[in-house]
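One letter stands for each residue in the lines below.
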Amino acid sequence: MVEVFSGRTLVNKDGDFVDPEEALRNKVVGIYFSAGWCPPCRDFTPILCDFYTELVEESEPPAQFEIVFVSSDKSTDDMVEYYHDFHGDWLALPWTDDYKHELKQRYKITAVPKLVIVKENGDVITDKGRKQIRDRGLACFRTWLDAAEIFQNFKG
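One numbering rule holds for all chains: residues counted from 1, following each sequence as written. Only residues with pLDDT of at least 70 are given local features in this predicted model, and only at 80 or more are side-chain atom pairs given and counted; all residues enter the totals for whole chains, interfaces and linings. Side-chain metrics rest on all non-hydrogen atoms present in the structure, leaving aside hydrogens and water.

Draft legend 1. Broad picture of the packing of helix α2 (residues 39-57) against helix α5 (residues 129-136). It is at 11 Å that the axes of α2 and α5 come closest, and there the two elements cross at 60°. Between α2 and α5, the crossing angle belongs to the class labelled oblique. By crossing handedness, the relation of α2 to α5 is classed as left-handed. Taken together, the residues of α5 that come into contact with α2 (itself represented by P40, D43, F44, I47, L48 and F51) are R130, I133 and R134. Its residues assigned to classes, the contact of α2 with α5 comprises six nonpolar, no polar and three charged. Only the stretch in contact is used when fitting a helix axis, every axis being a line fitted to C-alpha atoms; angles between N-to-C directions are given from 0 to 180 degrees. Helix and strand assignments come from DSSP, with helices taken as H or I runs of at least 4 residues and strands as E runs of at least 2, each series counted from the N terminus. What sets the label is the angle itself: under 35 degrees gives roughly parallel, over 145 gives roughly antiparallel, 65 to 115 gives roughly perpendicular, and the rest give oblique. Each helix crossing is assigned a hand: it is left-handed if the near helix lies turned anticlockwise from the far helix by less than a right angle, otherwise right-handed if that turn is clockwise. Only heavy atoms enter the contact rule, under which two residues are in contact if any of them lie within 4.5 Å. Residues are grouped as follows: nonpolar covers Ala, Val, Leu, Ile, Met, Phe, Trp, Tyr, Cys and Pro; charged covers Asp, Glu, Lys and Arg; every other residue, Gly included, is treated as polar.

Take a look at the structure:
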């Protein structure tokens, strides 16, 4: 059960609506609070792109990981531009969805960038995803996966 985004609609980079129940089921989820006006965000986002690409797009089978971008940009246009120009092929909460404020409160977001790694039910695995990726690279994913208590797809 993917509770954290239950009843919401996410979007992909093509602008298509995505059902979070389907897209996030049985995955570790990184909720990425970020904004295009923020220099540290623009510094970390390419690192996150490489991390995501290696784990999800270049692994066989793809890692059980998905990112949802929650924007702190000033407008829909700013968010869309930043999302398209800098982000990986992950999902986003539409800028117009006020649920972003609830998420920021729930996860105690006081500054961006912040990458909160959560279980399917929204419980926090770590709120230091950014630091862990910088310090440990791909190795941190195994720790997250073990903590997530999800069915794991092992190669046979």
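Having put the structure on the table, let's press on.
Draft legend 2. View of the packing of aromatic side chains. Ring pairs shown here join Phe, Tyr and Trp side chains whose ring centres sit within 6.5 Å, with only the six-membered ring taken for Trp; geometry is labelled stacked below 30 degrees between planes, edge-to-face above 60, and tilted in between. One pass over the full model with this rule turns up twelve aromatic pairs. Ring geometry for Y32 and F69: centres 6.5 Å apart, planes at 45°, overall tilted. With Y32 in strand β3 (residues 28-34) and F69 in strand β4 (residues 65-71), this pair connects stretches of sequence that are 37 residues apart. The same class applies to Y32 and to F69, which are both buried. Judged by centre distance (5.7 Å) and plane angle (45°), the rings of Y82 and F86 are tilted. Taken together, the residues Y82 and F86, both in helix α3 (residues 76-86) and four residues apart, mark about one turn of the helix. Note on exposure labels: buried denotes an accessible area under 20% of the residue type's maximum, exposed denotes more than 50%, and partly exposed covers the range between, all computed with a 1.4 Å probe on protein chains only.

Draft legend 3. Fine view of the side chain of E120. Relative to the helices and strands, E120 is located in the loop between β6 (114-118) and β7 (124-126). Positive charges come from Lys and Arg alone, negative charges from Asp and Glu alone, with His and the N- and C-terminal ends not counted. Salt bridge criterion: a side-chain nitrogen from Lys or Arg within 4 Å of a carboxyl oxygen from Asp or Glu. Put simply, E120 is tucked away with no salt bridge, and the nearest opposite charge, on R25, sits 5.9 Å away. Under the rule applied, a polar contact is a pair of N or O atoms within 3.5 Å (in protein, one hydrogen donor and one hydrogen acceptor; residues adjacent in sequence only if both atoms are side-chain atoms). Within polar-contact distance, the side chain of E120 engages the backbone nitrogen of N26 at 2.3 Å.

Draft legend 4. Spotlight on helix α4 (residues 99-106). Listed in full, the buried residues belonging to α4 are Y99, K100, L103 and K104. Buried residues of α4, seen end-on, are gathered within an arc of 145° and therefore sit on one face of the element. Buried residues along α4 sit in contact with β3 and β4. Taken from the residues just after α4, K108 is the one with a positive phi, measuring 55°. The directions from the helix axis to the C-beta atoms are what the arc is built from.

Draft legend 5. Molecular detail of the nonpolar core. Counting residues in each nonpolar core, the largest one holds 51 residues, and the members touching the most others are F5 and F65. At eight residues, α2 tops the list of elements feeding residues into this core. Excluding anything up to four places from it in sequence, F65 contacts K27, V28, G30, F51, Y52, L55, V56, I117, F141 and W144. Residues grouped as a nonpolar core are buried Ala, Val, Leu, Ile, Met, Phe, Trp, Tyr and Cys residues, joined through side-chain atoms within 4.5 Å.

Draft legend 6. Main features of the pairing of β3. Summarising burial for β3: seven of the seven residues are buried, a large majority. Side chains V28, G30, Y32 and S34 project from β3 onto one buried face, and the interleaved V29, I31 and F33 project onto a second face that is buried too. For two strands to pair, DSSP has to find at least two bridges joining them. By the bridge criterion, seven bridges tie β3 to β4 in an arrangement that is parallel. Looking across to β4, one finds that V29 is bridged to E66.

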